Amino acid sequence: MSLPSWEAWTCVWGSRIGDTLNYLYSIPHSIATAILSFLHINLPQLNYLLTWVIASIILLVVVMVNVIILIYVERKELGRFMDRRGPFVVGPAGFFQNFADAFKFLIKEMILPENADGLGFNSTLVIVVASSMLIMAVVPQAPDFYYTNTDLGLLLAFAIFAIEPFAVVIAGWASNNKYSLLGGFRSTAQMMSYEVPMLITVLSVVVLAGTFNFTQIVNYQASHVWFVVPLIIGFIVFLISIVAEIERIPFDTPDAEAELVHGWMTEYAGIKFALFQLTSYVRSFAGAAIMVLIFLGGWTGPILPPILWFYIKVYAVFTLFVWMRASLPRVRIDQVLNLGWRSLLPLSLVNMLIAAFLKIYGGVFHL
Amino acid sequence: MAMAEMWINMGPQHPFTHGLWTLKVKVDGETIVDAEPIIGYLHRGFEKLCENRNYPQIIPICDRLCYVASMSWDHVYVSAVENTFDIKVPPRGEYIRVIALEIQRIASHLIWLASFMTDIGNLTAFLYAMREREMFIDLLQALCGARMTYNYPRIGGVSQDMPKSFPQQCLKTVDFFEKRLKEYDYLIEESEVFRIRSQGVGYLRPSDAINLGITGPALRGSGVPVDLRKTDPYSAYPDFDFEMAVEKDCDVYARYRVRMNEMHESCNIIRQALKKIPPGPVLGKAPRHFPRGEGYARTEDPRGEAFFYIQADGTDRPYRVKIRSPIFVTVSAAPAILRGYKVADVPSIMGSLDMCLGESDR
Amino acid sequence: MADPTPTIVAPKGDKDYSYLVSPSTVQEQEIIASLKSKFPEVEVKLKQKGRLECVKFPREKLVEFCTYLRDSLDFEHVTCVAGNDLKRAWEVIYHISSYKHRCMIQIRTELPREDPSVDTISQLWGGADWHERETYDMYGITFNNHPKLERVLTPEGTDFFPFRKDFKLLDHWKIDWENKGKRPKPEPMVSTDTRFGDGNG
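Residues numbered from 1 in each chain as written. Chains lettered and ligands numbered in written order. Predicted model: local features only at pLDDT ≥ 70, side-chain atom pairs only at ≥ 80, totals over all residues. Heavy atoms only, no water.

Undergrad: Any chance you could explain the overall build of chain C here in plain terms?
TA: Of regular secondary structure, chain C possesses three helices and seven strands. Scanning chain C from its N terminus toward the C terminus, one meets helices and strands in the order α-β-β-α-β-β-β-β-α-β. Residues classed as buried in chain C amount to 49% of the 201 residues present. (Helix = DSSP H or I, 4+ residues; strand = E, 2+ residues; numbered from the N terminus. Buried < 20%, exposed > 50% of the residue type's maximum accessible area, 1.4 Å probe, protein only.)

Undergrad: In this structure, what is going on with helix α13 (residues 333-361) of chain A? I would like to understand it.
TA: Look at α13(A): 40 Å from first C-alpha to last across 29 residues, which is about the 42 Å you get at 1.5 Å a residue. By the largest-angle criterion, Leu344(A) marks the main kink of α13(A), which is about 35 degrees, and a proline, Pro346(A), follows within four residues. (Expected span 1.5 Å × (residues − 1). Bend = angle between axes of the 7 residues up to and from the residue.)

Undergrad: What is the right way to look at the sheet that holds strand β6 (residues 292-301) of chain B in this model?
TA: In a beta sheet, neighbouring strands are held together by backbone hydrogen bonds and run either parallel or antiparallel to one another. All names here are of chain B. The antiparallel open sheet is built from three strands, whose spatial order is β6-β7-β8. Each edge of the open sheet is held by one strand with a lone partner, namely β6 and β8 (318-324). Averaged over all adjacent pairs, the angle separating strand axes in this sheet is 10 degrees, with direction ignored. (Pairing = 2+ DSSP bridges. Axes fitted to C-alpha atoms, helices over the stretch in contact; angles between N-to-C directions.)

Undergrad: I'm lost on the interface of chain A and chain B in this one. Help?
TA: How big an interface is tends to be expressed through the accessible area that disappears when the partners come together. In this complex, chain A contributes 24 residues to the contact, which on the side of chain B involves 35 residues. For the pair chain A and chain B, the two sides together bury roughly 2,500 Å², of which 60% comes from carbon and sulfur. Its largest share of buried area at the contact with chain B, chain A owes to Met82(A), Pro329(A) and Arg332(A), together 23% of the area lost on that side. Taken together, chain A and chain B are joined by two salt bridges. (Contact = heavy atoms within 4.5 Å. Buried area = accessible area lost by both parts, 1.4 Å probe. Salt bridge = Lys/Arg side-chain N within 4 Å of Asp/Glu carboxyl O.)

Undergrad: Mind showing me how you'd approach the confidence of the model for chain C here?
TA: Low pLDDT marks regions whose predicted coordinates should not be analysed in detail. Residue and element names in this part refer to chain C. Confidence along chain C averages 76 in pLDDT terms, with 76% of residues attaining 70 or more. The secondary structure element of chain C with the lowest average pLDDT is strand β1 (residues 44-48), at 82, and the one with the highest is strand β4 (residues 90-98), at 89. A low-confidence stretch, residues 1-10 (pLDDT under 50), is modelled with 21 contacts involving residues beyond four sequence positions or located in other chains. Across residues 191-201 the pLDDT falls below 50, and counting only partners more than four positions away or on other chains, this stretch makes 18 contacts in the model. (pLDDT = per-residue confidence, 0-100.)

Undergrad: Where do I start with the interface of chain B and chain C in this structure?
TA: Listed by partner, the interface residues are 57 residues for chain B and 60 residues for chain C. Here chain B packs against chain C, burying approximately 4,800 Å² in sum over the two surfaces, 57% of which is carbon and sulfur. Among the residues of chain B in contact with chain C, Lys48(B), Tyr296(B) and Tyr319(B) are the three that bury the most area, contributing 14% of the side total. Taken together, the links from chain B to chain C amount to five salt bridges. Here Asp232(B) makes a salt bridge to Arg51(C), at a shortest N to O gap of 3.3 Å. When its residues are assigned to classes, the side of chain B that touches chain C shows 20 nonpolar, 17 polar and 20 charged. (Nonpolar A, V, L, I, M, F, W, Y, C, P; charged D, E, K, R; others polar.)

Undergrad: Even after reading the chapter, I still don't get the pattern of salt bridges, so can you show me in this structure?
TA: Side chains that differ in sign of charge can pair as their charged atoms come close. Residue and element names in this part refer to chain B. All told, the structure shown has 48 salt bridges over all chains when counted by the stated rule. A salt bridge links aspartate 34 to arginine 339; the nearest nitrogen and oxygen atoms lie 3.4 Å apart. Placement of aspartate 34 in strand β3 (residues 31-38) and of arginine 339 in the loop between α13 (334-338) and α14 (345-352) is noted, with a sequence separation of 305 residues between them. Given the relative accessible area of 28%, aspartate 34 is considered partly exposed. Where arginine 320 meets glutamate 47, a salt bridge forms, and the shortest distance between an N and an O atom there is 3.2 Å. You can see arginine 320 sitting in strand β8 and its partner glutamate 47 sitting in helix α1 (residues 46-51), a full 273 residues away along the chain. Like arginine 320, the residue glutamate 47 is buried in the burial classification. One network of salt bridges, in which partners are shared, links Glu102, Arg105, Arg220, Asp227, Arg229, Glu262 and Glu300.

Undergrad: Teacher, can you tell me more about the side chain of Thr79(C) here?
TA: Here Thr79(C) lies in strand β3 (residues 77-85). By relative accessible area, Thr79(C) is classed as buried at 0%. Side chain to side chain, Thr79(C) and Glu305(B) meet in a polar contact 3.1 Å long. Filtering out sequence-adjacent residues up to four positions away, Thr79(C) remains in contact with Arg298(B), Glu305(B), Phe307(B), Arg324(B), His95(C), Ile96(C), Ser97(C), Met104(C) and His131(C). (Polar contact = N/O pair within 3.5 Å; in protein donor to acceptor, adjacent residues only side chain to side chain.)

Undergrad: Even after reading the chapter, I still don't get the packing of aromatic side chains, so can you show me in this structure?
TA: To describe a pair of aromatic rings, you give the distance between the ring centres and the angle between the ring planes. Scanning the model with the defined rule gives 39 aromatic pairs over all chains in all. Plain terms: the ring middles of Tyr72(A) and Phe95(A) are 5.0 Å apart, the flat faces sit at 65 degrees to each other, and that makes the pair edge-to-face. Taken together, the positions of Tyr72(A) in helix α3 (residues 44-81) and Phe95(A) in the loop between α3 and α4 (97-106) put the pair 23 residues apart, joining distant regions of the chain. Among the residues examined, Tyr72(A) registers a relative accessible area of 14% and is labelled buried. A relative accessible area of 24% places Phe95(A) in the partly exposed class. One aromatic cluster is present, built from ring pairs that chain together Phe158(A), Phe161(A), Phe235(A), Phe238(A) and Phe295(A). Its guanidinium or amino end placed over the ring of Phe242(B), Lys230(B) lies 4.8 Å from that ring's centre, counting from NZ or CZ. (Phe/Tyr/Trp six-rings, centres within 6.5 Å; stacked < 30°, edge-to-face > 60°. Lys NZ or Arg CZ within 6 Å of the ring centre and 35° of its normal.)

Undergrad: Would you take a moment to explain the sheet that holds strand β2 (residues 51-57) of chain C for this structure?
TA: Residue and element names in this part refer to chain C. The sheet built from five strands is open, its strands ordered β1-β2-β5-β4-β3 with mixed pairing. Two strands close off the open sheet at either side, each with one partner strand: β1 and β3. Neighbour-to-neighbour, the strand axes of this sheet turn through a mean angle of 20 degrees, independent of strand direction. Packed on one face of the sheet, helix α2 (residues 62-73) meets β2, β4 and β5 (103-111) and runs near 170 degrees to β5. In this fold helix α3 (residues 128-139) packs onto β3 and β4, with an angle of close to 10 degrees to the strand it touches most, β3.

Undergrad: When you look at unusual backbone geometry in this model, what are you seeing that I'm missing?
TA: Note on backbone geometry: most residues besides glycine have negative phi, and most peptide bonds are trans. The omega angle of the peptide bond from Ile249(A) to Pro250(A) is 5 degrees, so this bond is cis rather than trans. Take Pro250(A): it is sitting in the loop between α10 (232-245) and α11 (270-295). With a phi angle near 65 degrees, Asn115(A) is a residue other than glycine that sits in the positive phi range. Residue placement: Asn115(A) occurs in the loop between α4 and α5 (118-138). Classification of Asn115(A) as exposed rests on a relative accessible area of 65%. Phi is positive for Asp74(C), which is not a glycine, with a value near 60 degrees. Position of Asp74(C) relative to the elements: it lies in the loop between α2 and β3. Classification of Asp74(C) by relative accessible area gives partly exposed; the value is 22%.

Undergrad: Help me understand helix α9 (residues 214-223) of chain A, please; the structure alone is not making it clear to me.
TA: Within an α-helix, residues lying three or four positions from one another point in the same direction, as the helix has 3.6 residues per turn. If you check which residues of α9(A) are buried, you get Phe214(A), Thr215(A), Ile217(A), Val218(A), Tyr220(A) and Gln221(A). Between the side-chain oxygen of the N-cap and the backbone nitrogen of Thr215(A) there are 2.8 Å, and the N-cap of α9(A) in question is Asn213(A).

Undergrad: Explain the environment of Asn66(A) here, please?
TA: All names here are of chain A. Mapped onto the elements of the fold, asparagine 66 is located in helix α3. Sequence separation of asparagine 66 and valine 205 is 139 residues, and the distance between their C-alpha atoms is 27 Å. Contact partners of asparagine 66, with chain neighbours within four places excluded, come to Phe285, Tyr311 and Tyr315.

Undergrad: What exactly am I supposed to notice about the packing of α10(A) against α11(A) here?
TA: The relative placement of two packed helices comes down to the angle between their axes together with the axis-to-axis distance. Residues and elements named next belong to chain A. Between α10 and α11, the shortest axis-to-axis distance is 10 Å and the interhelical angle comes to 165 degrees. The angle between the axes of α10 and α11 places the two elements in the roughly antiparallel class. Taken as a pair, α10 and α11 cross one another with a handedness that is right-handed. Counting all contacts with α10, which are made through Gly234, Phe235, Phe238, Leu239, Ile242 and Glu245, the residues of α11 involved are Arg283, Gly287, Ile290, Met291, Ile294 and Phe295. (Parallel < 35°, antiparallel > 145°, perpendicular 65-115°, else oblique. Left-handed = near helix turned anticlockwise from the far one by under 90°.)

Undergrad: What exactly am I supposed to notice about the environment of Lys182(B) here?
TA: One can find Lys182(B) in helix α6 (residues 166-189). Since its relative accessible area comes to 53%, Lys182(B) is described here as exposed.

Undergrad: Help me understand the side chain of Thr188(A) in this model?
TA: Position of Thr188(A) relative to the elements: it lies in helix α8 (residues 178-209). Not counting residues within four places of it along the chain, the set of residues in contact with Thr188(A) comprises Pro165(A) and Val169(A).

Undergrad: For this particular structure, what's the right way to read the pairing of β3(B)?
TA: When a strand is regular, its side chains alternate between the sheet's two faces. All names here are of chain B. Where strand β2 (residues 22-28) lies against β3, seven bridges are found, and the strand directions are antiparallel. Looking at the pairing, lysine 24 lines up with glutamate 36 of β3. Between β2 and the antiparallel strand that follows it, β3, lie two residues; glycine 29 among them carries a positive phi value of about 70 degrees.

Undergrad: Explanation requested: the packing of helix α2 (residues 23-38) of chain A against α3(A) in the structure shown.
TA: Residues and elements named next belong to chain A. Direction vectors running N to C along α2 and α3 enclose 130 degrees, while the axes themselves pass 8 Å from each other. Judged on the interaxial angle alone, α3 and α2 are oblique. Note that α2 runs across α3; the crossing there is right-handed. Contacts between α2 and α3 involve Leu24, Tyr25, Pro28, His29, Ile31, Ala32, Thr33, Ile35 and Leu36 from the first element and Leu46, Asn47, Tyr48, Leu50, Thr51, Ile54, Ala55, Ile58 and Leu59 from the second. For the contact of α2 with α3, a count of residues per class yields 14 nonpolar, four polar and no charged.

Spelled out as structure tokens, the structure:
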């Protein structure tokens, strides 16, 4: 088996990223070209491979920096909501508190519980972290800053989103702990019941925009109206569903620390636990990003550059999550499921009807 | 889907326990089939300890019965001694005791609110309640110099008169606190999520509550109007005009309402006491030699009916001391309340009972 | 919003206890008279207002007496059950209170030294259950027909009863001055009680 030809690489990779306007392509490409020319290697396949690796690293760094800022923002905002100051000792205004915590986790022992299934216990970590990081690969952040821009990006994002529950139930089983087991079951049940209304809501957006492509959805909103206006019901359903999906208070039943010690994460210690925590924020970030893209007009906005608008909106949505966390108690698991099946599913169907109606008679509303 | 039933040990190291005890729950899926509380991790042989100390030496260790409501336990001990030996307390002493007790009741209920809201997942209310508790702890500090273990009541009165600025500081705090209580209503009670977590959960029938010996806010939350400050008055309580907080819903929400209303009433009592307080000494005459005899006192602790029984044999030490802790009895009724609910309801139900392990393990 | 959906349907039709707000008109003397007519051999006296007292109660009569208290005289609540070691005998002290009449009766029952057992009252009042367990735990007094007479405060398998007067405390604080101020070796916690395990307690 030989390597694919130059043209084959181009059609997979270059047709999407190949436009020089995408900084996440052009910068890695120029770096790769510079390296290879320095080494006097003239292999286009290697060039593309290197471009891909460098782009991945840059994306990872961007996401990680954002997540660190996100955690800091949450701590500070939560502090304000709770009438306290939040972190303020380590670094300027406590910004490096996260790093301090990360180092603390790093020096902890990595414990594998006795009678735990080592393969399931450790592979779960890889699956959860990798799948969560992967979401951001399909979510564009600006017209000139994206990793891939596939036609089925929206569907792909939710497909990747839905990988985690399988890993979680494996983690719950492999930990050999009853709390973990219950947490794993809860996580799976909750994810399953909230996927349905969420995807139906997403479908209504797709019906209006006529495409699964994030960029085209955003462009459609820029030329018409943000989907939050016609699909306000869908927006609320999606907000609740995404909070349930990323397992934050009030829907953090899988790791409810009052009843199940830390749910399916109980037995994970040290850096493993830190990675899970980090992952949950990556998922929050991804959820907020998807919500911004499909309901809040994405990166469109006056004066400021698009990427800045994107981040402003993402942080605003995240603040909404923090606000919910600060003001609401936790919902019980059977109530969570009831809410999902009995209230959100009908509402999402109503929202779907509205979307279909607007699609047919949308000319009246300039849609 | 029927799952195999399994026992889950919740505790002794578990976030919901607020202390050191174990609740073994037998679950079918997530539904509780049976429960068994196990206590005793904090047993210090308190009653035996009292038998080896003379009467004034017991007061400071009564602080350690429950460090959330130390003043109440000091008070029930000294009033048991006063009942046993017929010691008269000057009226000013009684009034200062009532003020201290009511401040302690508010502080204790705020701790309860904090831990209860943590149990059902709202950390904001936890910090708010702790913030308000600080003001009342400051009041008690102004009164007796200590913040948690007060050692303030003495046999025959209280150790010292209150400072001159105390009434003003106290009134200011109470007024401020009543405004803050409204804020709690916005945060907690008007939240739909809080209501679905608390209403219809932890149903405790009134006749069951009486028969199982449950006292205090949990009993009043079941619609039984029993408050020893009213029904069996002690100290200076007959002088004050206050309402008994009773709710008829018998669930977690009712117990929450009872405690919130009690905080209002405590503010009310503090204001009246500061207005009516007579001048005079604060510490009466206590005998140097304690005769033979027996006696007891029961008071309305923040958690229920506190009771001290003392048998004196004529020496300087009690022959037998028996403490009735309200939580000791309440926790024994836990299986009856928990059966049929979900595992996720355990924190909210047990949190609504206001566990304190120092007093139940003794 | 979804219904709260309680997982078990609460039986709403329970007895209404709001009459407890106002005190009953029954005087303590009437209660004493009623008890005297039913149990002539039991001596009940009034100590002070709302405080009845009953010394040297015969232990055989206890359940009968308590049933009468609960069913006919509305004593709804067991405040306390306490054990005591009188050295010549054992003693169990009951404090039973009535919410309706706002009074409390203290019953002191002496048990012979060689047979520390008495009938349980936890069938009448569920609240007495753990108090009796604790009394057993601390004094080794057995309660006949108790549903679950086990250790409650001390760990399972404890072979002594710590509140008995002949139980030796560890003399940690005593310093042996003749031996250069060193602490003596703590003696092991051994009970002098030999009755454990012979079927009696």
